[in-house]
Amino acid sequence: MNKDIRDIISITLKLEGGLSDNENDKGGLTKFGISQSSYPNLNIRDLTLEQAYTIYERDFYNKNKIFEINSFAMRAFLFDTSVHSGPVAANKILQSAYNHYRGKDILAVDGVLGYGTISSINAVRSKDDVYDLFFSACIVRAMFLKGVSLNGNNKVFLSGWTNRLIKLRRLVFAAIDSQE
């Protein structure tokens, strides 16, 4: 695993925490953000950190083609959103954010990380523009999470989800600043 992927996964791991078995969480027993409901044949309680890195690289980073996004900030955003809300929702959030950032509907919000989405996101190059797109993505994700919080017992998680976005922004841009 290269350093870039490890850094991105490390950011999400800082946001996910350790072992959790919250009765309101549909994922059930969860460790490092990896849930028993998603991996029913995996012993979640004994999951190691290295196993979590391997799962995240294989099942989220590589499978969802996140490596095709050029910007570290947008890769980190897309990865964390994929882990937190699933890849289709993450892609829709990114597509909506890009449309919001551009001020018009350019991308189809279809949940597919295809050529159009990848090339549009990769066309955002300057640091200021990446910051603006990232901020736009956080706004769209916050609105999405507000909607999710209205379902079932999810309302109890909204404050934590909002704090996660704030911490994500801080961690991503601290990582970028340390690379310069």
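One can find the structure itself at the top, above this paragraph.
From a predicted model like this one, the values you see are computed outputs, not experimental measurements.

Peer 1: Lay out the overall build of the protein chain with the relevant residues and their values.
Peer 2: Helix and strand counts for the protein chain stand at seven helices and three strands. The order of helices and strands in the protein chain, counted from the N terminus, is α-β-β-β-α-α-α-α-α-α. Radius of gyration (C-alpha) of the protein chain: 16 Å, near the 16 Å computed for a compact globule of 180 residues. Among the 180 residues that make up the protein chain, the fraction classed as buried is 47%. Residue pairs in contact within the protein chain that sit at least 24 positions apart in sequence constitute 51% of those at least 6 positions apart. Of the accessible surface of the protein chain, which amounts to about 9,300 Å², a share of 52% is contributed by carbon and sulfur atoms.

Peer 1: Outline the sheet that holds strand β3 (residues 34–35), supporting the account with residue identities and numerical values.
Peer 2: The strands making up a sheet are joined through hydrogen bonds of the backbone, oriented either antiparallel or parallel. Strand order in the open sheet made by the three strands is β1-β2-β3, with antiparallel pairing throughout. The strands lining the two open edges of the sheet, one partner per strand, are β1 (19–20) and β3. The pairing of β1 with strand β2 (residues 30–31) spans two bridges and is antiparallel. Looking at β2, one finds that L19 is bridged to K31.

Peer 1: So what's going on with the packing of aromatic side chains? Residues and values would help.
Peer 2: Enumeration over the complete set of coordinates arrives at nine aromatic pairs. For the ring pair Y61 and F79, a centre distance of 6.4 Å and an interplane angle of 55° mean the geometry is tilted. Of this pair, Y61 sits in helix α2 (residues 49–62) while F79 sits in helix α3 (residues 72–85); the two residues are 18 residues apart in sequence, bridging distant segments of the chain. Using a relative accessible area of 2% as the deciding quantity, one classes Y61 as buried. Between F157 and W161, the ring centres sit 5.8 Å apart and the planes meet at 20°, which makes this aromatic pair stacked. Take F157 and W161: they sit in the same class, and that class is buried. What links up through ring pairs into an aromatic cluster is the set Y56, F60, Y61 and F79. When the ring centre of Y53 is taken as origin, the NZ or CZ atom of R6, which lies over that ring, is 3.9 Å away. When the ring centre of F77 is taken as reference, the NZ or CZ atom of R141 above it lies at 5.7 Å.

Rules of the game
- Residues numbered from 1 in each chain as written.
- Predicted model: local features only at pLDDT ≥ 70, side-chain atom pairs only at ≥ 80, totals over all residues.
- Heavy atoms only, no water.
- Helix = DSSP H or I, 4+ residues; strand = E, 2+ residues; numbered from the N terminus.
- Rg over C-alpha atoms; globule rule 2.2 N^0.38 Å.
- Buried < 20%, exposed > 50% of the residue type's maximum accessible area, 1.4 Å probe, protein only.
- Contact = heavy atoms within 4.5 Å.
- Areas by Shrake-Rupley, 256 points an atom, 1.4 Å probe, with all protein chains shown as cover.
- Pairing = 2+ DSSP bridges.
- Phe/Tyr/Trp six-rings, centres within 6.5 Å; stacked < 30°, edge-to-face > 60°.
- Lys NZ or Arg CZ within 6 Å of the ring centre and 35° of its normal.

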